[in-house]
Amino acid sequence: MSLLSVVIPSFNEEAVLPRTVQVLSELLKNENISYELIFVDDGSRDATWEKILNAHAKDENVHGVHFSRNFGKEAAIFAGLSAAKGDCAAVMDCDLQHPPAALLQMYRLWEQGYEVVEGVKRSRGQESGSHRAATGIFYRIMSKATGIDMSRASDFKLLDRRAVDSLLDMPEHSAFFRAMSFWIGFNRTQLEYDVMEREAGSSKWSTWSLIRYALNNIAGYSAMPMQLVTGAGVVVFLLAIVLGIQTLARYFSGHAVEGFTTVILLILMIGSIIMISLGITGYYIARIYEEVKRRPRYIISRTV
Ligand code: UDP
Ligand code: MG
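For clarity, every value in this text was computed on a predicted model and none was experimentally measured.

Undergrad: Can you break down the packing of helix H1 (residues 17–30) against helix H4 (residues 100–111) residue by residue, with the values?
TA: H4 packs onto H1 with a crossing angle of 40° between their chain directions and a minimal axis gap of 10 Å. Comparing the axis directions of H1 and H4 gives the class oblique. Like other packed secondary-structure pairs, H1 and H4 cross with a definite hand, here right-handed. Contact with H1, carried on its side by Val-23, Leu-24, Leu-27 and Leu-28, involves Pro-100, Leu-103 and Leu-104 of H4 and no other residues of that element.

Undergrad: Would you mind going over the nonpolar core in detail, with residue names and values included?
TA: Core analysis: the largest hydrophobic core is formed by 34 residues, its most contacted members being Leu-4, Val-6, Leu-28, Leu-37, Phe-39, Leu-103 and Leu-158. Among the elements of the structure, strand S1 (3–10), H1, strand S2 (34–41), helix H2 (48–58), strand S4 (88–91), H4, strand S6 (153–160) and strand S7 (188–194) are those that each provide at least two residues to this core. A total of seven residues in this core trace back to one element, the largest contributor, which is H4. For Val-6, the contacting residues outside a window of four places in its chain are Leu-24, Leu-28, Glu-36, Leu-37, Ile-38, Ala-90, Met-92 and Leu-103.

Undergrad: Account for the packing of aromatic side chains, naming residues and giving values.
TA: Following the criterion strictly, the structure yields six aromatic pairs and no others. On the numbers, 5.5 Å between centres and 90° between planes, the contact of Phe-67 with Phe-71 is edge-to-face. When its relative accessible area of 0% is taken as the criterion, Phe-67 is described as buried. Relative to Tyr-298, the ring of Phe-67 has its centre 5.1 Å away and its plane inclined at 10°; by these criteria the two rings are stacked. Of this pair, Phe-67 sits in strand S3 (residues 62–67) while Tyr-298 sits in the loop between helix H10 (261–292) and strand S8 (300–303); the two residues are 231 residues apart in sequence, bridging distant segments of the chain. The residues Phe-67 and Tyr-298 share a single accessibility class, namely buried. Taken together, the ring pairs in this structure connect Phe-67, Phe-71 and Tyr-298 into an aromatic cluster. Just above the ring of Phe-71 sits the side chain of Arg-69; from NZ or CZ to the centre is 3.9 Å.

Undergrad: Which residues make up the coordination of the magnesium ion (ligand 2), and what values do they have?
TA: Taken together, Asp-95 (OD) and Gln-97 (OE1) make up the protein donors of the magnesium ion (ligand 2), found 1.8 to 1.9 Å from the metal. Taken individually, Asp-95 and Gln-97 each receive the classification buried, so the pair is uniform in this respect.

Undergrad: Let's hear about H4: which residues, and what values?
TA: In this model, H4 (12 residues) spans 17 Å end to end at C-alpha, consistent with the 16 Å of a helix rising 1.5 Å per residue. For H4, the set of buried residues is Pro-100, Ala-102, Leu-103, Leu-104, Met-106, Tyr-107, Leu-109 and Trp-110. Its buried side turned inward, H4 meets S1, H1, S4, strand S5 (116–123), S6 and S7. Phi turns positive, to about 115°, at Gly-113, one or two residues after H4.

Undergrad: Explain helix H3 (residues 73–83) residue by residue, including any values.
TA: For H3, the buried fraction is high: eight of the 11 residues fall into the buried class. Taken as a whole, H3 has its buried residues at Glu-74, Ala-75, Ala-76, Ile-77, Phe-78, Ala-79, Gly-80 and Leu-81.

Undergrad: An account of the site of ligand 1 is needed here, citing residue identities and associated values.
TA: Looking at ligand 1, there are 16 residues lining it, with Glu-13, Asp-42, Asp-95, Gln-97 and Lys-204 nearest. In this structure, an oxygen atom belonging to ligand 1 sits 2.6 Å away from a side-chain N or O atom of Glu-13. When the free accessible area of ligand 1 is taken as 530 Å², the share hidden by the protein chains comes to 88%. Here the shell around ligand 1 is composed, by residue class, of four nonpolar, five polar and seven charged.

Undergrad: How would you explain the pairing of S4 if you had to name every residue and give the values?
TA: With burial as the criterion, each face of S4 is covered, one bearing Cys-88 and Ala-90 and the other bearing Ala-89 and Val-91. With four bridges connecting them, S1 and S4 associate as parallel partners. The residue bridging Ser-5 from the neighbouring strand is Ala-89, located in S4. Across four bridges, the pairing between S4 and S6 is antiparallel. Each residue of the ladder has a partner; that of Ala-89, found in S6, is Leu-159.

What counts as what
Residues numbered from 1 in each chain as written. Chains lettered and ligands numbered in written order. Predicted model: local features only at pLDDT ≥ 70, side-chain atom pairs only at ≥ 80, totals over all residues. Heavy atoms only, no water. Axes fitted to C-alpha atoms, helices over the stretch in contact; angles between N-to-C directions. Helix = DSSP H or I, 4+ residues; strand = E, 2+ residues; numbered from the N terminus. Parallel < 35°, antiparallel > 145°, perpendicular 65-115°, else oblique. Left-handed = near helix turned anticlockwise from the far one by under 90°. Contact = heavy atoms within 4.5 Å. Core = buried A, V, L, I, M, F, W, Y, C linked by side-chain atoms within 4.5 Å. Buried < 20%, exposed > 50% of the residue type's maximum accessible area, 1.4 Å probe, protein only. Phe/Tyr/Trp six-rings, centres within 6.5 Å; stacked < 30°, edge-to-face > 60°. Lys NZ or Arg CZ within 6 Å of the ring centre and 35° of its normal. Donors = N, O, S within 2.8 Å, 3.2 Å for Na, K, Ca; no water. Expected span 1.5 Å × (residues − 1). Near = heavy atom within 4 Å. Polar contact = N/O pair within 3.5 Å; in protein donor to acceptor, adjacent residues only side chain to side chain. Areas by Shrake-Rupley, 256 points an atom, 1.4 Å probe, with all protein chains shown as cover. Nonpolar A, V, L, I, M, F, W, Y, C, P; charged D, E, K, R; others polar. Pairing = 2+ DSSP bridges.

All we've got here are geometric facts, nothing functional implied.
Encoded structure:
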């Protein structure tokens, strides 16, 4: 009989975790699916780990991985996947915003032979106005930069063992689950689901952390910003030709361009373009530095 691993990244989720355990295990037991729930405690500062230990004491299908500090959801997903022993592994949020019924449908699709089942948001659920605006911009830029439609994508997915192994084979430090699970290919299908209300607690993403996340992933999955630099260079070069011809023509006809205004404007404009370009290049160099250090994606302090 095949085993389903459910990977659940959890950061400060003490309020909802016991309920998540209960809902998922009831559902999967009823359907006679053998399962394991892998909670990855992403360095929570509340009683999340104690709740995981409690759940493990009651149900041996519950496993826990505890990070030495907060490494972020991406790291938690990958830690969970590498701990998973199942023939397929699903990733879902701890807050029950990903409907458990959809997990079941994903599993059935996997049984029909699909190797990657992607959860796609039909609606985005309740989010505050500013959060909605921020995520909207984030996904628009991400989709443009990476060439993958991200607007309805989510981390709610079910992967076959082969897909999981190929994900785990990718050595990059800055892993981005959504893009990587797309990149690997395989026999894939989509499943629409409605985003539920968060059962308890609050969203763990601030607008600032979303911006950082966006910058990281854009730099990680596209060289588009570098091409923007090239583009700016070409534009300035064309201007230089036009302005150069005009200046020389005026010089030889006896009336040179007057005053420092032009010079100051040109220096300011070109100076800022150069500095922005250096900044973008520097960002990529920093990313290369991060990668060549070959640090682990996360550090596990305890498991159960
Ligand atoms: N999460 C995590 N580490 C973090 C932030 C979030 O493991 O640093 C987990 C969190 O516990 C939850 C999931 O990622 O299970 C989604 O987080 P959240 O519900 O706060 O995000 P939202 O649903 O608002 O996008
Ligand atoms: Mg949530």
